[in-house]
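Next come the chains, spelled out residue by residue.
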Amino acid sequence: MTRASGVGSWPGTRSREAVVAVRDLLGDGIPHLPELPARGVGADMVGRAAALLEGLHVETQPYGWRFAGRPGHDEGRARALLREDLDELAEAYDGWSGPLKVQVTGPWTLGGTIELPRGERAVADHGARRDLVGSLAEGLRAHIADVERLVPGAEVIVQVDEPGLPAVLEGRLPTASGYGTLRAVDRSEVRDGLRAVLDAAGERTTLVHCCAGEVPVQLVRESGARGISLDTSLLDGARWEQVAEAVEAGLTLWAGAVPTTGGDWRTARERLVGAWQRIGLPLPSLADVVVTPACGLAEAPPSSAVAAVRTTTDLASALTDLAAG
């Protein structure tokens, strides 16, 4: 059966409303713990992940996040917002039994965003990269344990968000001066770092989300992820061929097939099915796909966010019928 889910972010600033809305809209699919960036510092994807780091501390500066020598106000706010969300999750999912997805920003997007105290991005320093991978892995283990303690019946699914992955691999991140670009990180190090974070989830289902058109599908396969989440509207023919190979090798496709504005499920179905047939995959295998909006919904008006998720659930139903013949 094709299932529906969401990418992660949601509009608004009220945690209880967001958690309940996602539960009610996706209760028959794969609901998730929503992220609310509109709440400000600490609620953005970097601050959210920074709240999980073990043994590393962060603070904000005019240009964004940077590592600090000790805990501060910004880090404390990020942790408080996460605790609030987990409290709301526990109440909304009391008695829940079934899949429940959580999201965390991956080590390479974090390393390409958070700066070292001296001003360069953490991804530029080998020691900082190693420490960040280890810290995030430990924090993710603790986060999963918290979710499972609060919602004992949850089958936790872990999504690692890596929108910055292509830029790290291709050496496209600007230096602090802005006059050059940082050296690309070796592919094997990127793969192993991503694998270390995914391994923190143990035997639970994991996936990597990358909303860039040049998503490194093969590297995601090699990292040990069990699924890949991407915006299908950004894929060219060659990338679709890589997706086909990954699906045939057992990777689950989380297809961002619905525009964040909603749209019509019939149009989304035609586009996805057309691509599926062009790459030679059998229609019954659509039953294994998870469909989502193309990206997070934080920037959408609340009504559009709801419409996008409803279109996604309608699409999942249509693909289930199609796969069944």
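Residues numbered from 1 in each chain as written. Predicted model: local features only at pLDDT ≥ 70, side-chain atom pairs only at ≥ 80, totals over all residues. Heavy atoms only, no water.

## A word on the pairing of strand E6 (residues 205-209)
Right, on to step 1. Most of E6 is tucked away, with four of its five residues classed as buried.
Right, on to step 2. Inspection of the sheet shows strand E5 (residues 154-161) paired to E6 by five bridges, in the parallel sense. Within E6, the position partnered with Ile 157 by the bridge is Thr 205.
Right, on to step 3. Bridge count for E6 against strand E7 (residues 227-231) is three bridges, and the pairing is parallel. Pairing of His 209 across the sheet is with Ser 229, part of E7.
Right, on to step 4. Read from E6 through helix H8 (residues 217-222) to E7, the crossover connection turns out right-handed. (Buried < 20%, exposed > 50% of the residue type's maximum accessible area, 1.4 Å probe, protein only. Helix = DSSP H or I, 4+ residues; strand = E, 2+ residues; numbered from the N terminus. Pairing = 2+ DSSP bridges. Right-handed = clockwise from strand over helix to strand, strands pointing away.)

## A look at the packing of aromatic side chains
Right, on to step 1. Throughout the structure, instances matching the rule amount to one aromatic pair.
Right, on to step 2. Measuring from centroid to centroid gives 5.2 Å for Tyr 93 and Trp 96, while their planes differ by 85°, and the two rings are edge-to-face.
Right, on to step 3. The exposure class assigned to Trp 96 is buried, which follows from its relative accessible area of 17%. (Phe/Tyr/Trp six-rings, centres within 6.5 Å; stacked < 30°, edge-to-face > 60°.)

## Looking at the packing of helix H3 (residues 73-92) against helix H5 (residues 126-150)
Describing two packed helices takes the angle between their axes plus the distance from one axis to the other.
Right, on to step 1. Close contact between H3 and H5 brings their axes to 9 Å; oriented N to C, the two are set at 30°. By the criterion of interaxial angle, the relationship of H3 to H5 is roughly parallel. Seen from above, H3 lies across H5 with right-handed handedness. Here Leu 82, Leu 86, Leu 89 and Ala 90 of H3 come into contact with H5, specifically with His 143, Asp 146, Val 147 and Leu 150.
Right, on to step 2. In terms of residue class, the contact of H3 with H5 is built from six nonpolar, one polar and one charged. (Axes fitted to C-alpha atoms, helices over the stretch in contact; angles between N-to-C directions. Parallel < 35°, antiparallel > 145°, perpendicular 65-115°, else oblique. Left-handed = near helix turned anticlockwise from the far one by under 90°. Contact = heavy atoms within 4.5 Å. Nonpolar A, V, L, I, M, F, W, Y, C, P; charged D, E, K, R; others polar.)

## As for the sheet that holds strand E9 (residues 290-293)
Right, on to step 1. Overall, parallel pairing links the seven strands, which are arranged E1-E9-E8-E7-E6-E5-E4 in an open sheet. Because the sheet does not close on itself, it has two edges, and the strands there are strand E1 (3-4) and strand E4 (98-105).
Right, on to step 2. Strands E5 and E6 of the sheet are contacted by helix H7 (residues 187-199), whose axis makes an angle of about 140° with E6.

## Thoughts on the packing of helix H1 (residues 15-26) against H3
Right, on to step 1. Remark: H1 packs on H3, axes separated minimally by 9 Å, with the N-to-C direction vectors making an angle of 45°. With respect to their mutual orientation, H1 and H3 come out oblique. The hand of the H1/H3 crossing is right-handed. Seen from H1, the contacting residues are Ser 15, Arg 16, Val 19, Val 20 and Arg 23; seen from H3, they are Glu 84, Asp 85, Glu 88, Leu 89, Glu 91 and Ala 92.
Right, on to step 2. Within the contact of H1 with H3, the residues separate by chemical class into four nonpolar, one polar and six charged.

## Looking at H7
Right, on to step 1. Taking 1.5 Å per residue, 13 residues should reach 18 Å; H7 reaches 18 Å between its end C-alpha atoms and fits that length.
Right, on to step 2. Looking at H7, one finds that the buried residues are Val 190, Gly 193, Leu 194, Val 197 and Leu 198. End-on view of H7: buried residues confined to an arc of 135°, all on one side of the axis.
Right, on to step 3. Lining the buried residues of H7 we find helix H4 (107-111), H5, E5, helix H6 (165-170), E6 and H8. (Expected span 1.5 Å × (residues − 1). Arc of directions from axis to C-beta.)

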